[in-house]
Amino acid sequence: MEKVFITLLILIFCSTSHAESNLCIDSPEAISVFHVNGISTTLQSARLNLKEISNNISNNSQINYRYHLSYNHTNTLIADLLQAATQVGLQFSSQVMLWMTGATGIPSWLQDILSNAMQGFYPVVANELQDHVDKYRDALLQGNKVLIVSHSQGNLYANEAYEMLLRQNPELPVRQSVGIYGVATPANNVAGNTGPYLTNNRDFISATPGALSANLILKYASGETVPAFGLGAFTLIQAHSFTDTYLSPAYNTRQSVLDGIQTRLTSLQKPAPSSGDGPITIALSWAGNVDIDLALYEPDGYFVSSRAGTAPGSAVFLPPAGHVGYISFDAESGPGIERYRSNCNQLQVGTYYLGAHYVMDLTYAHPPSEPWCASLIANGQALGYSELNKSYCGLEEDPMSQMTASATLTIHTPTEDQSLSMTWSPSAEIIYLMRPESFLMAAKLDVLEVTNSPDPNQNGKLRYVITPVNGLLPIPTAWQAVIATVL
Amino acid sequence: MQNLSKKTLHISGIALVCLFAAGPGACVPKGEDFTPGLKGIDSDANGIRDDIDALILQKYADTPTIKNAAEKYARTVQVFMEANTKQEAYQAAKESGNMVDCIIDVILPGNNIENYKKRGQLIDEIVAYTANTRERFEKYWQSSALIGGSTFEINKNQNCQ
């Protein structure tokens, strides 16, 4: 017989409080520029490219510019490279990494591996892609224009991310407010269109079957045309390099890239913020190597969790929109932060029950499948996949213990922040992670008055009460049935 | 302090021999550290392998500020390579990214071709030296895999000191 001991600790930093203030002021224009790197690009090199872009986009002081690197890594390429290195008896030195960034003297076998990889023979990694999409969506929800500057294989990521945004969030102005500027693309489109993009005529990537053709004759800054590969100093990889060629002051590509980015930025429309850091934002943060999901009930009893996955047209694990607000995205490991942002135009009076769900301890090489499976079944049923059941999941026979976990739930309002700590402290006993004890409540938020709704930007008022709660967050009825099946 | 002085003298000696033998700018430090393990030989325990110290001294020590930034950056790359968890890799990646920003903004700023090339070289070469054996190369890319999908924002208020 198993024994489960859960110690719930909620540290109350502030007592029950009342407030009244202006609501949800529309933020000034903001632009989020994301750079998605190509294959075999080091983190540091990708950051260099992003920084070069950020330093050379003309800044309008009235606009808040934010620059992000959306890093992608293709493990398969490195595995192939290492296997080939063994076969040819390669003596490793610093030169190997330098060859990957365009240094001369690259052996033909390595050049073949890299060029094949860059021509898109390695598929995008699904979980990396979804992480990127989550960040784009979050920026869009906050009213930011979003521009993705993608290089090489990063273009495949950008195109798919764009399609996923359209599919997962048809209510958002993706076509108007999200743009892609492609550099050295192996793809045959840019966000479903024929541009904008830039590929120089010495870049082998345009030889990729179906790829958009080269649209710039590569010239030195002096105006002299760069000779064909084999006649000049270029290596195959270098002509494709974002750093060494496309952004380099030595070539005409630099100004074309920067002008292209600027033009695409100008053509984007500012989205109305669907949600924002006011009037109410709930943030859940944690540091450990665990997955914790923000979970709450809206006034009409609608359950919103970053794992619920019930948004219209969503993939199974898409963080959903509630009836009143959005969860930004599902951070799947610590350090993580998830935010529930209220919809500026739909904030409702009533009671919100705020908490979190300790999903799983990630220190196991093979995490227990129960929570994953339960979510899968729950979402599968919601989406009409009746074949998803207990046998489909292939459950582990033995449940495993989990580490202690803690998280902080912060309620941001225009006048104050209240932070509440939640701790899941199981004893050495084993625990089923989807048990009711893994859903904790941290606070009850009573929104008493929202004036001028549904347009609180017009001198709206907010009156609320926050009451810390030490207890369990009820599991939604629909989930209870599924969990009963799984456990 | 004594260790540091001895190490600096040793590295300076390598650089001088190199200069006399091949002329300024033409020589690349020989004797990369191919010892087993991720850490290599770091005789003064300053967090930077001796061969990378030599590289910095020879190529990226034009001013004390540049040298200092290159050393800080080299440490972040080493920490990144050694990261074993997603959290460690993410934190190290953030710090390494911040140092990249510093090198561009403060150490080798501007859009003239010389600085542009030199900062790119510095950033790439230190990574290449850090990951110069199969074991280190493989581990470097394992750390990269840990941060696949992560997003890093440029910190506008970065303090480069």
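So, here is what we can say about the structure in this document. If you're wondering where the values come from, they're calculated on a predicted model, not measured in any experiment.

## A look at the overall build of chain A
And then number 1: Assigned secondary structure in chain A consists of 12 helices and 16 strands.
And then number 2: Buried residues in chain A amount to 59% of all 487 residues.
And then number 3: The long-range share in chain A, meaning contacts at least 24 apart out of those at least 6 apart in sequence, stands at 72%.
And then number 4: Counting only carbon and sulfur atoms, one obtains 51% of the accessible surface of chain A, whose full area is about 18200 Å².

## Re the overall build of chain B
And then number 1: For chain B, the helix and strand inventory stands at 6 helices and 1 strand.
And then number 2: Helices (α) and strands (β) of chain B occur, in sequence order from the N terminus, as α-α-α-α-α-α-β.
And then number 3: Within chain B, buried positions represent 49% of all 161 residues.
And then number 4: The contacts of chain B with a sequence gap of at least 6 include a subset with a gap of at least 24, amounting to 68%.
And then number 5: Just so you have it, chain B exposes about 7400 Å², and 57% of that area is on carbon and sulfur atoms.

## Remarks on the packing of helix α2 (residues 50–59) of chain B against helix α5 (residues 113–130) of chain B
Axes are the key here: two packed helices are described by the angle between their axes and the distance separating the axes.
Residue and element names in this part refer to chain B.
And then number 1: Across the interface, α2 lies against α5 with an axial gap of 10 Å and an inter-helix angle of 165°. The pairing of α2 with α5 is recorded here as roughly antiparallel in orientation. Pair α2 / α5 crosses with right-handed handedness. Here Asp-51, Ile-52, Leu-55, Ile-56 and Lys-59 of α2 come into contact with α5, specifically with Lys-118, Glu-125, Ile-126, Tyr-129 and Thr-130.

## Describing the interface of chain A and chain B
And then number 1: Taken residue by residue, the interface counts 56 residues in chain A and 47 residues in chain B.
And then number 2: The contact between chain A and chain B buries some 4200 Å² in all, and 60% of this surface belongs to carbon and sulfur atoms.
And then number 3: Run the count over chain A and chain B and you get 4 salt bridges.
And then number 4: Between Arg47(A) and Asp101(B) there is a salt bridge, with its nearest N and O atoms 2.6 Å apart.

## A few points about the sheet that holds strand β5 (residues 178–183) of chain A
And then number 1: Taken together, 6 strands build an open sheet; the order of strands is β6(A)-β5(A)-β4(A)-β2(A)-β3(A)-β1(B) and the sheet is mixed. The open sheet has two edge strands with one neighbour each: β6 (197–198) of chain A together with β1 (151–153) of chain B.
And then number 2: Here strand β4 (residues 144–151) of chain A pairs with β5(A) via 6 bridges, running parallel. Bridging from a neighbouring strand, Val146(A) pairs with Val178(A) of β5(A).
And then number 3: Packing against the sheet, helix α1 (residues 43–56) of chain A makes contact with β2 (30–36), β3 (64–70) and β4 of chain A together with β1 of chain B, and its axis sits at approximately 160° to β3(A).

## A word on the pattern of salt bridges
Residues and elements named next belong to chain B.
And then number 1: Under the defined criterion, the tally for this structure stands at 16 salt bridges over all chains.
And then number 2: For Arg-134, the salt bridge is made with Glu-138, and the minimal N-O distance between the two is 4.0 Å. Remark: Glu-138 and Arg-134 occur in helix α6 (residues 134–146); sequence separation between them is 4 residues, near one turn of the helix.

## Some points on the sheet that holds strand β14 (residues 417–424) of chain A
Residue and element names in this part refer to chain A.
And then number 1: As summarised here, the arrangement of the 5 strands in space is β10-β11-β7-β13-β14, forming an open sheet in which the pairing is antiparallel. Each edge of the sheet is formed by a strand with only one pairing partner; in this case those strands are β10 (325–327) and β14. The mean inter-strand angle of the sheet, taken between neighbouring strand axes irrespective of direction, is 15°.
And then number 2: Pairing analysis gives 3 bridges linking β10 to strand β11 (residues 336–342), with the strands arranged antiparallel. Bridging from a neighbouring strand, Tyr-326 pairs with Arg-341 of β11.

## Notes on the packing of aromatic side chains
And then number 1: One pass over the full model with this rule turns up 10 aromatic pairs over all chains.
And then number 2: A centroid spacing of 5.0 Å and a plane angle of 25° characterise the contact between Tyr90(B) and Phe152(B), whose relative ring orientation is stacked. Here Tyr90(B), found in helix α4 (residues 86–107), pairs with Phe152(B), found in strand β1; they are 62 residues apart in sequence, far enough to count as distant.
And then number 3: With a relative accessible area of 22%, Tyr90(B) lands in the partly exposed category.
And then number 4: On the numbers, 5.4 Å between centres and 90° between planes, the contact of Tyr140(B) with Trp141(B) is edge-to-face.
And then number 5: Given a relative accessible area of 2%, Trp141(B) falls into the buried group.
And then number 6: Of the aromatic side chains, those joined through ring pairs into one cluster are Phe92(A), Phe80(B), Phe137(B), Tyr140(B) and Trp141(B).

## Examining the nonpolar core
And then number 1: The biggest cluster of nonpolar side chains holds 92 residues, and the ones touching the most others in it are Tyr73(B), Phe137(B) and Tyr140(B).
And then number 2: Counting residues per element, this core draws most heavily on α4(B), which supplies 9 residues.
And then number 3: Other than its neighbours up to four places away in sequence, Tyr140(B) contacts Thr42(A), Leu43(A), Gln44(A), Met97(A), Val77(B), Phe80(B), Met81(B), Val127(B) and Ala131(B).
And then number 4: Of all hydrophobic cores here, the second largest spans 35 residues; its members include Leu294(A), Ile411(A), Trp424(A) and Leu462(A).

## Quick word on the pairing of β14(A)
All names here are of chain A.
And then number 1: Counting buried positions over the 8 residues of β14 gives 6, a clear majority of the element.
And then number 2: Examined bridge by bridge, strand β13 (residues 405–412) and β14 share 8 bridges and lie antiparallel to one another. Across the sheet, residue His-412 finds its bridge partner in β14, namely Asp-417.
And then number 3: Between β13 and β14, which pair antiparallel and follow one another directly, the connecting turn spans 4 residues.

Conventions and cut-offs
- Residues numbered from 1 in each chain as written.
- Chains lettered and ligands numbered in written order.
- Predicted model: local features only at pLDDT ≥ 70, side-chain atom pairs only at ≥ 80, totals over all residues.
- Heavy atoms only, no water.
- Helix = DSSP H or I, 4+ residues; strand = E, 2+ residues; numbered from the N terminus.
- Buried < 20%, exposed > 50% of the residue type's maximum accessible area, 1.4 Å probe, protein only.
- Contact = heavy atoms within 4.5 Å.
- Areas by Shrake-Rupley, 256 points an atom, 1.4 Å probe, with all protein chains shown as cover.
- Axes fitted to C-alpha atoms, helices over the stretch in contact; angles between N-to-C directions.
- Parallel < 35°, antiparallel > 145°, perpendicular 65-115°, else oblique.
- Left-handed = near helix turned anticlockwise from the far one by under 90°.
- Buried area = accessible area lost by both parts, 1.4 Å probe.
- Salt bridge = Lys/Arg side-chain N within 4 Å of Asp/Glu carboxyl O.
- Pairing = 2+ DSSP bridges.
- Phe/Tyr/Trp six-rings, centres within 6.5 Å; stacked < 30°, edge-to-face > 60°.
- Core = buried A, V, L, I, M, F, W, Y, C linked by side-chain atoms within 4.5 Å.

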